[in-house]
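# Summary of structural features
Below, each chain spelled out in residue letters.
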Amino acid sequence: MALVTVSIGSNIERETHLTACLDALAERFDGLRLSRVYESEPVGFEDGRNFYNLVAAFDSDWSVGELQAWCKRLEFANGRRADSPKFSPRTLDVDLLTVGELTGEHDGVALPRAEIRHHAFVLKPLAELLPDVRHPEDGRRYAELWTAFEADDQALWPADFPWRGKSLPLDA
């Protein structure tokens, strides 16, 4: 079993699509852990709708290709279109961040995902969720990466997001 992390985001009907995503993750994978939800301004998008973002972690023995295909099916089931431009509004975005300690390209997916070290909306929830876990390439703990991160131009703030009757993050 490997610890898998995914970044989840939405800026169209955010509550509906994030809830559907979390329900699907909880149904499919054991040991689901979730960061709090953060609201963030879109990075690189012309459409000004803010995103909700969070990170989920779970255990899986699936291959990278199986995980990637499952994430894409989940996006499409929630209205994401394969032909959408890269920087366009989205109902659901589910990106593999890490699969255990894997590095390099696996089944066409580059791991760990570069966005971990470049986007506050990925790194902050990851550092919150798994502060003592080390980045597979960099070797520093996610909490250390967040402390060193310069997020001046990447505003994000906690958003109250109830799931299954409780606010995230869920108490252990």
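The following refers to the structure shown.

Right, let's get into the overall build of the protein. In terms of regular secondary structure, the protein is built from four helices and 10 strands. Put simply, the protein runs from its N terminus to its C terminus through helices and strands in the order β-α-β-β-β-α-β-β-β-α-α-β-β-β. Against the compact-globule benchmark of 16 Å for 172 residues, the protein has a radius of gyration of 15 Å, which places it among compact chains. Dimensions along the principal axes, computed over C-alpha positions, put the protein at roughly 35 × 35 × 35 Å.

By the definition in use, this model includes six aromatic pairs. The interplanar angle of 25 degrees and the centroid separation of 4.1 Å between the aromatic rings of Phe29 and Phe58 together place this pair among those described as stacked. With Phe29 in the loop between α1 (14-28) and β2 (30-34) and Phe58 in strand β4 (residues 51-60), the pair connects residues that are 29 residues apart, well separated along the chain. You can call Phe29 buried: its relative accessible area is 6%. Taking 6.2 Å as the distance between ring centres and 90 degrees as the angle between the ring planes, the aromatic pair formed by Tyr52 and Phe161 counts as edge-to-face. You can see Tyr52 sitting in strand β4 and its partner Phe161 sitting in the loop between β8 (156-159) and β9 (162-163), a full 109 residues away along the chain. A single burial state applies to Tyr52 and to Phe161, both of which are buried. Put simply, the rings of Phe29, Phe58, Trp62 and Trp70 touch in pairs and so form one group of aromatic residues.

The next thing to look at is the side chain of Asp93. For Asp93, the location among the structural elements is in strand β5 (residues 93-99). Only 3.4 Å separates the side chain of Asp93 from the side chain of Arg90, close enough to count as a polar contact. For Asp93, the contacting residues outside a window of four places in its chain are Ser7, Ile8, Gly9, Glu75 and Arg80.

In total, this model carries 11 salt bridges according to the counting rule given. Note that Arg14 is salt-bridged to Glu39, the shortest N-O span being 3.2 Å. Taken together, the positions of Arg14 in helix α1 and Glu39 in strand β3 (residues 37-40) put the pair 25 residues apart, joining distant regions of the chain. Note that Asp138 and Arg140 form a salt bridge whose closest N and O atoms lie 2.8 Å from each other. A residue is classified by how much of its surface remains accessible, and Asp138, at 26% relative accessible area, is partly exposed. Taking relative accessible area as the criterion, Arg140 reaches 35% and is therefore assigned partly exposed. Among the ionic contacts, a cluster of salt bridges with common partners joins Arg117, Glu137, Asp138 and Arg140.

Basis of the calculations
Residues numbered from 1 in each chain as written. Predicted model: local features only at pLDDT ≥ 70, side-chain atom pairs only at ≥ 80, totals over all residues. Heavy atoms only, no water. Helix = DSSP H or I, 4+ residues; strand = E, 2+ residues; numbered from the N terminus. Rg over C-alpha atoms; globule rule 2.2 N^0.38 Å. Phe/Tyr/Trp six-rings, centres within 6.5 Å; stacked < 30°, edge-to-face > 60°. Buried < 20%, exposed > 50% of the residue type's maximum accessible area, 1.4 Å probe, protein only. Polar contact = N/O pair within 3.5 Å; in protein donor to acceptor, adjacent residues only side chain to side chain. Contact = heavy atoms within 4.5 Å. Salt bridge = Lys/Arg side-chain N within 4 Å of Asp/Glu carboxyl O.

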